[in-house]
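# Structural overview
Spelled out from the first residue to the last, the chains are:
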Amino acid sequence: MRVFFFFSILFFAIASFAASAGISGHILDPLGAVVPSAKVQLIKDGSVVSEAVTDQQGQFHFETVAGRYSIQASASGFSQTTIFVTVHSDSTTRADVTLHIGTLAQQVVVSATGTETPDSQLGASVTLITSDDLQYRLNVLDAFRLTTGLQTVQSGGLGGKASVFVRGGNSNSNKVLIDGVPANDIGGSFEFANLASTAVDKLEVFRGPNSVLYGSDAIGSVVNVTTRRGTTRLPQLTLAGSGGTFNTYDYRAALAGAYRNIDYFSEASRSDSRNNVPNTAYHNGTFAGNYGWTPAANTDLRVTVRRNASVAGLSNAFDLYQIADDSFLKEQNTFIGVTLQNQTTARWHNLVRYGAARLTLQSGNPTPSGTPFDPFGFGANYLGKAVTLCAPTGCAAPGQAILDFGGAYPSLFDTMTNRDFVQTQSDYYFSSHLTALFGFRFEDERGITNSSFSNDHTERKNFSYTMQAQENVWNRLYSTVGVGLENNAVFGFAATPKVSLAYYLFRPSDEFFSGTKLKFNFGKGIKEPSIFEETSSLFSVLSKTSPQLISQFHVSPTGPERSRSFDFGFDQAFLNSRAKLGVTFFHNRFYDQLEFVDKTLLPQLGIPTQVANALTFGAAVNSSDYRVRGVESELEFKLGHGFVANGSYTYQGAVVTRSFSSDNQFPTINPAFPNVLIGAFSPLIGSRPFRRAPHSGSFAISYSRPKFSATVNGYLVGRRDDSTFLTDAFFGSSLLLPNRNLSPGYQKIDFTGSYAIRPAITFFTRMENVLNQRYDAVYGFPSLPFTIRAGMKFVIGGESWKVKSTK
């Protein structure tokens with residue numbers, strides 16, 4: 001490890017010199033083949049300063065002076081493409097330009113392979129959400145709702161706790177990276193409700209496991225967030241403010257620019273809302289920055305930072321209690337990244353990155369809410385109002401549920417997580433047909449949880465190694481093969497493979513029907529346990545109470561949660577590449593999932609009775625499995641004259657196949673539904689995991705002109721299994737309802753519009769739930785009704801054209 005790290009640093013000390021400044025590169029088609037006789041223009045300050053035509057190898061070269069330029073390339077049968085470059089004195093900058101066919105733009109993504117790769121050359125399922133998609137949205141959740149294969153569930157209004165399920169995976173199965181820095185808490189959880197759209201340039205959503213590149217927690221998906229960069233010679237100041245229903249306000253200020261070999265971007269925002277339910281007020285303050293220095297054309301040093309502080313009131317499930325609890329949740333998160341990249345030679349690229357995440361959370365219930373009730377003389381619990389709850393199969397008897405249990409108040413819970421991360425990556429371009437990548441990651445994790453019941457902590461030092469090869473055969477078959485090796489402080493060694501293939505039956509062209517791409521993926525993922533899961537595991541509990549039993553019965557530490565995924569499908573372009581249809585079938589298995597198992601049930605898992613009897617209550621064990629089979633389909637049209645339409649549909653058939661939870665061993669029966677078994681706190685074997693709809697879809701229709709834009713989008717969700725999670729006043733089950741299809745389906749239709757009063761002044765408005773539908777995305781938590789927010793955006797300074805530094 002030390003040798004690898006030493007040589008990675010040494011490579012950055014190698015400077016690449018050239019006789020004179022210039023720009024050289026190739027013009028490529030979407031599949032990576034060279035394009036001869038392409039027209040190439042070099043533009044500076046809006047004027048063409050030089051022109052060239054590519055040779056038979058698709059090459060071009062310009063002699064230049066230092067400065068910032070744009071390159072426009074065009075060829076017969078292709079759309080014009082523009083890229084931006086920075087040239088330094090006494091060096092030659094490499095700039096390859098990939099053309100696209102038709103009006104559907106080709107995207108370049110990183111999360112699938114670890115290097116910038118056109119999505120046309122990938123077999124993986126990756127969705128790119130751009131800053132245009134996020135414009136005038138307060139956070140990223142609404143954009144996630146429009147992403148194929150994702151289901152977004154939020155408990156209530158703005159700031160309510162949110163879960164993102166990707167292809168049926170759990171909400172803590174998504175690896176989140178902010179500018180390459182891991183942002184998850186220990187164990188994989190991440191609160192998407194607090195991820196503001198502030199300063200976000202793009203988000204990549206990789207659907208499927210990718211522990212090969214990203215190690216632990218990339219068991220179901222990868223979400224990669226990139227912060228915007230400064231791009232204009234003249235400093236640009238952007239100010240925006242908006243207000244709307246439920247006392248919702250949002251204020252933003254951004255400063256950006258680029259001077260010689262330095263670029264900078266900073267943005268701060270503040271969002272506040274009262275929401276529609278008592279004690280659900282929300283505040284979010286976010287600052288993000290991206291600062292780059294390019295000392296040479298082949299070297300880039302970049303520092304990124306993101307800080308957010310949020311406060312949310314937690315009223316609990318208001319529909320089930322009819323009174324609001326007075327609980328609260330506070331979070332303060334800071335993410336810092338320092339990345340050094342060097343194009344050591346024309347074929348050899350190296351990267352070193354340091355990242356730090358500092359996460360703190362405090363939640364509490366200051367006082368009990370509700371009516372005191374003490375039927376057994378052991379102390380009062382506190383009840384909500386009388387309610388009658390109904391399921392599709394009928395209604396339960398009226399009753400009052402326990403809102404707050406008796407005990408000492410205030411009841412407080414807090415966590416603190418510090419993660420430091422070092423990554424080195426080296427990729428070598430052997431030829432246009434083969435690229436190899438090697439990577440190493442070290443992560444130092446420290447976490448503490450404090451509550452009224454326990455105080456737990458962990459310290460982990462984890463090591464990961466990556467080996468991957470990308471191959472291009474005849475510019476028609478593209479393959480990515482890799483393996484990840486993980487040495488985790490808790491579960492030890494684990495290996496994860498990945499194979500991705502894409503094959504073109506018909507190459508892209510400007511014909512009516514072309515660009516038929518077949519794709520296949522196989523991969524495995526792993527996830528480390530949370531602090532609670534680690535400290536409540538069989539190994540950890542015995543270490544404190546009966547350590548002699550560990551050696552006597554060879555009890556091992558808890559293992560990783562695992563996933564295995566297959567998917568295959570096709571992408572088809574038609575209407576002269578103005579439209580594209582994609583269909584993907586997937587089969588995911590999530591196994592060895594951790595769950596808490598009662599001590600009386602542990603012998604069924606082969607654990608000796610003597611070991612089980614040494615426990616007070618039970619232990620967290622890798623004993624739960626479920627599988628998901630489904631299909632994704634998406635259709636995109638660019639109709640011309642500013643009209644764009646797209647839609648998607650996802651079916652996921654998820655079922656629990658194995659579980660030793662108390663619910664599965666002792667299902668609950670409500671006397672109102674005597675023939676129905678109910679999982680009070682977890683789904684039963686043979687049932688669907690909670691809150692994941694078998695059917696979901698979305699659509700968006702947009703119209704854009706130079707001064708005006710309008711978008712209508714919709715999110716459609718079918719019925720979901722869930723639980724009321726309620727205990728009645730006598731600790732009975734009379735308020736539990738059958739899980740099957742407990743949450744009704746719903747549709748959320750939104751509208752966004754903007755009008756440029758002047759080039760630097762824009763009026764915008766956003767309306768959500770325009771049909772004013774009454775729905776609960778999470779059973780018992782009423783979502784927002786119709787809301788409207790309007791505001792103004794002012795841009796001061798900047799330029800009419802943008803530039804970006806090449807890596």
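Please read all numbers here as calculations on a predicted model, not as lab measurements.

This next bit is on the nonpolar core. Counting residues in hydrophobic clusters, the biggest one holds 25 residues, and the most contacted among them are F144, F192 and L203. Counting 20 residues, the second largest nonpolar core, distinct from the first, contains V40, Y69, A73 and V85.

Locating T148 in the fold gives a position in the loop between α3 (141-145) and β12 (150-154). Overall, T148 belongs to the buried group, its relative accessible area being 4%. Setting aside residues no more than four positions away along its own chain, T148 makes contact with R207, E632, S633, E634, S648 and T650.

With that settled, the discussion passes to the pairing of strand β5 (residues 67-74). Summarising burial for β5: 6 of the 8 residues are buried, a large majority. Bridge count between β5 and strand β6 (residues 81-87): 7 bridges; the pairing is antiparallel. In the sheet register, I71 faces β6, and the bridge partner there is I83.

Looking now at a nonpolar patch on the surface. On the surface, F287, Y291, V303, I336, V338 and Y354 cluster together to form a nonpolar patch covering roughly 430 Å² of accessible area. By the element assignment, I336 lies in strand β23 (residues 327-343).

To continue, consider the confidence of the model for the protein. Should the pLDDT be low somewhere, the predicted coordinates at that spot are not to be read in detail. For the protein, per-residue confidence averages 91 on the pLDDT scale, and 95% of positions sit at 70 or higher. Between residues 1-19, whose pLDDT stays under 50, and residues either more than four places distant or in other chains, the model counts 32 contacts.

Residue P410 is reached from Y409 by a cis peptide bond, and omega for that bond is 5°. You can see P410 is positioned in the loop between β29 (402-404) and β30 (411-431). A positive phi angle, close to 60°, is found at S37, a residue other than glycine. With respect to the secondary-structure elements, S37 resides in the loop between β1 (22-28) and β2 (39-44). The exposure class of S37 is exposed, given its relative accessible area of 52%.

Now for the sheet that holds strand β11 (residues 126-130). The strand order across the open sheet formed by 5 strands is β11-β16-β17-β14-β15, and the pairing between neighbours is mixed. Each edge of the open sheet carries a strand with a single partner, namely β11 and β15 (181-182). Taken together, the 5 bridges between strand β14 (residues 174-178) and strand β17 (residues 221-227) define a ladder with parallel strand orientation. Within β17, the position partnered with N174 by the bridge is S221.

To summarise the sheet geometry, strands pair through backbone hydrogen bonds and adopt either a parallel or an antiparallel arrangement. Reading across from one edge, β3-β2-β5-β6 is the order of the 4 strands in this open sheet, with antiparallel pairing throughout. Edge positions in the open sheet fall to β3 (47-53) and β6, since each of these has one partner strand only. Along the sheet, successive strands turn relative to each other by an average axial angle of 25°, direction set aside. Of the pairings in the sheet, the one linking β2 to β3 comprises 6 bridges and is antiparallel in character. Paired with K39 across the two strands is V53, which belongs to β3.

Of the positions making up helix α7 (residues 538-545), those classed as buried are L538, S540, V541 and L542. Residues of α7 that are buried sit in contact with α6 (531-535), α8 (548-552), α9 (609-613) and β38 (618-640).

The rules behind each value
Residues numbered from 1 in each chain as written. Predicted model: local features only at pLDDT ≥ 70, side-chain atom pairs only at ≥ 80, totals over all residues. Heavy atoms only, no water. Core = buried A, V, L, I, M, F, W, Y, C linked by side-chain atoms within 4.5 Å. Buried < 20%, exposed > 50% of the residue type's maximum accessible area, 1.4 Å probe, protein only. Helix = DSSP H or I, 4+ residues; strand = E, 2+ residues; numbered from the N terminus. Contact = heavy atoms within 4.5 Å. Pairing = 2+ DSSP bridges. Patch = residues over 30% accessible without salt bridge, like charges linked within 9 Å, V, L, I, M, F, W, Y side chains within 5 Å. Areas by Shrake-Rupley, 256 points an atom, 1.4 Å probe, with all protein chains shown as cover. Salt bridge = Lys/Arg side-chain N within 4 Å of Asp/Glu carboxyl O. pLDDT = per-residue confidence, 0-100. Axes fitted to C-alpha atoms, helices over the stretch in contact; angles between N-to-C directions.

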